[in-house]
Amino acid sequence: MKFMIITACLFMAAFAAQAQTTNTAVTEHDTAVKAKDDQVKTEIIDPARHAASPGDPDWDAIQKQVTAKYDAVTADRTVTKAKIYYYYAKDKTIFCTNIVHFTNNFELANDYKLLNLNAGMILQSDDKPAELKEALRWAKAAAAGDPGNPAYAQTVDALQQKLGQ
């Protein structure tokens, strides 16, 4: 019995460890990163977005510009986040792809509320099995991290149902 409990605990720890990042230096939880991201948005992303209006911005050009001025990680994080906001009500496919990428790379593994929120957005907006499986992984990590939260368990159940599990 002890072996099964220890194995289950190790599995859950390994599962949660692979969820997202634990490095706050690549997330907006770091105040310096947040300030830099705000500056990128103000100086590069917003002007490019407005210049492209009414069409879509040239995201590749923006990514290259941010990379040249800052670095590739900053470019990936800020451009991905900009796409999330830009495509939220315009294109659910692009929105969901970017939510998955952002959550997997730039959300903290122990930010259960945010993991569950993002999983819920994928649940409501996406039908791609791979993206739904990622959302289920986040929801399970949130539920394992805060097992007393019924909302997290509901998200897990809803995603499993949508995936036919």
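The preceding data block contains the structure.
This structure is a prediction, so every number in the text was calculated from the model and none was measured. (Residues numbered from 1 in each chain as written. Predicted model: local features only at pLDDT ≥ 70, side-chain atom pairs only at ≥ 80, totals over all residues. Heavy atoms only, no water.)

A. Representation of the side chain of Thr 155 within the structure. In this structure, Thr 155 sits in helix α8 (residues 150-162). In this structure Thr 155 touches Asn 116, Ala 119, Gly 120 and Ala 139, once residues within four positions along its chain are discounted. (Helix = DSSP H or I, 4+ residues; strand = E, 2+ residues; numbered from the N terminus. Contact = heavy atoms within 4.5 Å.)

B. Structural detail: the environment of Ala 153. You can see Ala 153 is positioned in helix α8. Among the residues examined, Ala 153 registers a relative accessible area of 34% and is labelled partly exposed. Ala 153 sits 13 residues away from Lys 140 along the chain, and the two C-alpha atoms are 7.8 Å apart. (Buried < 20%, exposed > 50% of the residue type's maximum accessible area, 1.4 Å probe, protein only.)

C. Quick look at helix α7 (residues 129-145). With 17 residues, α7 should reach 24 Å at 1.5 Å per residue; the first-to-last C-alpha distance of 24 Å fits that figure. Buried within α7 we find Glu 131, Leu 132, Ala 135, Leu 136, Arg 137, Trp 138, Ala 139, Ala 141, Ala 142 and Ala 143. (Expected span 1.5 Å × (residues − 1).)

D. Inspection of the nonpolar core at higher detail. Membership of the largest hydrophobic core comes to 34 residues, with the highest contact counts inside it found for Trp 59, Ile 62, Ile 122, Trp 138 and Leu 159. Where this core is concerned, the elements lending two or more residues are α2 (31-52), α3 (59-69), α4 (72-87), α5 (92-106), α6 (112-125), α7 and α8. When residues in this core are grouped by element, the largest group, eight residues, is from α7. Non-local contacts of Ile 62, meaning those with residues more than four positions away in its chain, are made with Ile 44, Ile 45, Ala 48, Pro 57 and Val 79. (Core = buried A, V, L, I, M, F, W, Y, C linked by side-chain atoms within 4.5 Å.)

E. Up close: the packing of aromatic side chains. Going through the model one piece at a time under the given rule, you end up with five aromatic pairs. Where Trp 59 meets Tyr 87, the ring centres are 6.2 Å apart and the plane angle is 55°; that geometry is what we call tilted. Of this pair, Trp 59 sits in helix α3 while Tyr 87 sits in helix α4; the two residues are 28 residues apart in sequence, bridging distant segments of the chain. According to the relative accessible area criterion, Tyr 87 is buried, its value standing at 5%. Note on Tyr 86 and Tyr 87: the rings are 4.8 Å apart at their centroids and 85° apart in plane angle, and the pair reads as edge-to-face. Given the relative accessible area of 10%, Tyr 86 is considered buried. By the ring-pair criterion, three or more aromatic residues cluster together here, those being Trp 59, Tyr 86 and Tyr 87. Over the face of the ring belonging to Phe 106 we find Arg 77, whose NZ or CZ atom lies 5.9 Å from the ring centre. Over the ring of Phe 95 we find Lys 92, and its NZ or CZ is 5.2 Å from the ring centre. (Phe/Tyr/Trp six-rings, centres within 6.5 Å; stacked < 30°, edge-to-face > 60°. Lys NZ or Arg CZ within 6 Å of the ring centre and 35° of its normal.)

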